[in-house]
Each structure stands twice: as structure tokens, then as C-alpha cells.
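Reading the structure
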Amino acid sequence: VQLVESGGGSVQPGGSLRLSCAASGFTFSSYLMTWYRQAPGKERELVASITSGGGTLNYADFVKGRFTISRDNAKNTVYLQMNSLKPEDTAVYYCARRFGLKVDYWGKGTLVTVSS
């Protein structure tokens, strides 16, 4: 199983970024996928999740209305569109596969920095 994130970078407050996570080594369309983030000095936290078919999306309150999770099962890729970014969104963002109630595989993460 491999999960490879991309799309991170530096952006000014109010800007946008789109993260991608390319999955391989498993039947991508069978799994719920998630995005987590970890800010410096803080614990890792769930940002958003999407069910295997993409029919159910869930978001943390702190990103509702600003971030959108989506997936393309034909491309084995999950995305996180991040709009109206704030300095407090600065973190390493991780893609993760969920098996049952637990995450069983993590990507290595991509850094997002929001600063003026």
C-alpha cells in the first residue's frame, strides 16, 4: 500500500490550494479515505473523510465551508480543495486509509504554510 500526497506549498491568507493523494497497492474504490493534519506542537487531527463511493463526506468544524474532499476512483486519487486558507491551517497534511474504525495506512504528508 502506498499513499503519496502532493500539492502542498506556501500561500497567503485567503488563498487556495488543492492537495492530491495518489493511492496504489490496494483496491482504492473499496476504502473510506481521510485527510488529517498536524500543526507544529499539536496532535494530529481529522480534517475530512469520504466514503468509498464518494457519497458521504464529513468535515471537521474548523474547515466546514472552506475545504472540500473528493475522490476519483478511476484515478485512485483523493483530493482536498482548500479555500479561504487561514494561518491556523498551517500544518502537515496527511492522506490516510481507513479500515473499519481505524486508520491502517498513512502517507508521508505534504506541508501547507499559510502566511503573509
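Bear in mind that the values here come from a model prediction, so they are computed numbers and not experimental data.

1. Describing unusual backbone geometry
Backbone geometry at N76 places phi at a positive 55°, although glycine is not the residue there. Its location among the elements puts N76 in the loop between strand 7 (67-72) and strand 8 (77-82). Positive phi, close to 50°, is recorded for S84, a residue that is not glycine. On the secondary structure map, S84 appears in the loop between strand 8 and strand 9 (91-99).

2. Comments concerning the side chain of R37
For R37, the position within the fold is in strand 4 (residues 32-38). Here R37 falls in the buried class, since its relative accessible area comes to 6%. A distance of 3.0 Å separates a polar atom in the side chain of R37 from a polar atom in the side chain of Y93. Setting aside anything within four residues of it in sequence, one finds R37 in contact with E43, R44, E45, V47, F62, V63, F67, E88, D89, A91, V92 and Y93.

3. Observations concerning the state of the cysteines
Evaluation of the coordinates by the stated rule reveals one disulfide. The disulfide bridge from C21 ends at C95, spanning 2.1 Å between sulfur atoms. Taking the sign of the torsion about the S-S bond as the criterion, the disulfide between C21 and C95, at about -75°, is left-handed. Of this pair, C21 sits in strand 3 (residues 17-24) while C95 is found in strand 9, placing the two residues 74 residues apart along the sequence. One exposure class covers both C21 and C95, and it is buried.

4. Some remarks on the sheet that holds strand 8
Here four strands make up an open sheet; going across it, the order is 1-3-8-7 and the pairing antiparallel. Looking at strand neighbours, the two that pair on one side only are strand 1 (2-6) and strand 7, the edges of this open sheet. Averaged over all adjacent pairs, the angle separating strand axes in this sheet is 15°, with direction ignored. Two strands pair when backbone bridges link them, and strand 7 and strand 8 are joined in this way by six bridges, in the antiparallel orientation. Note on strand 8: the bridge partner recorded for D72 is T77.

5. With respect to the pattern of salt bridges
Enumeration according to the criterion identifies five salt bridges in this entry. A salt bridge links E45 to R37; the nearest nitrogen and oxygen atoms lie 2.9 Å apart. The residue K64 makes a salt bridge to D61 at a minimum N-O spacing of 3.2 Å.

The rules behind each value
Residues numbered from 1 in each chain as written. Predicted model: local features only at pLDDT ≥ 70, side-chain atom pairs only at ≥ 80, totals over all residues. Heavy atoms only, no water. Helix = DSSP H or I, 4+ residues; strand = E, 2+ residues; numbered from the N terminus. Buried < 20%, exposed > 50% of the residue type's maximum accessible area, 1.4 Å probe, protein only. Polar contact = N/O pair within 3.5 Å; in protein donor to acceptor, adjacent residues only side chain to side chain. Contact = heavy atoms within 4.5 Å. Disulfide = S-S within 2.5 Å. Pairing = 2+ DSSP bridges. Axes fitted to C-alpha atoms, helices over the stretch in contact; angles between N-to-C directions. Salt bridge = Lys/Arg side-chain N within 4 Å of Asp/Glu carboxyl O.

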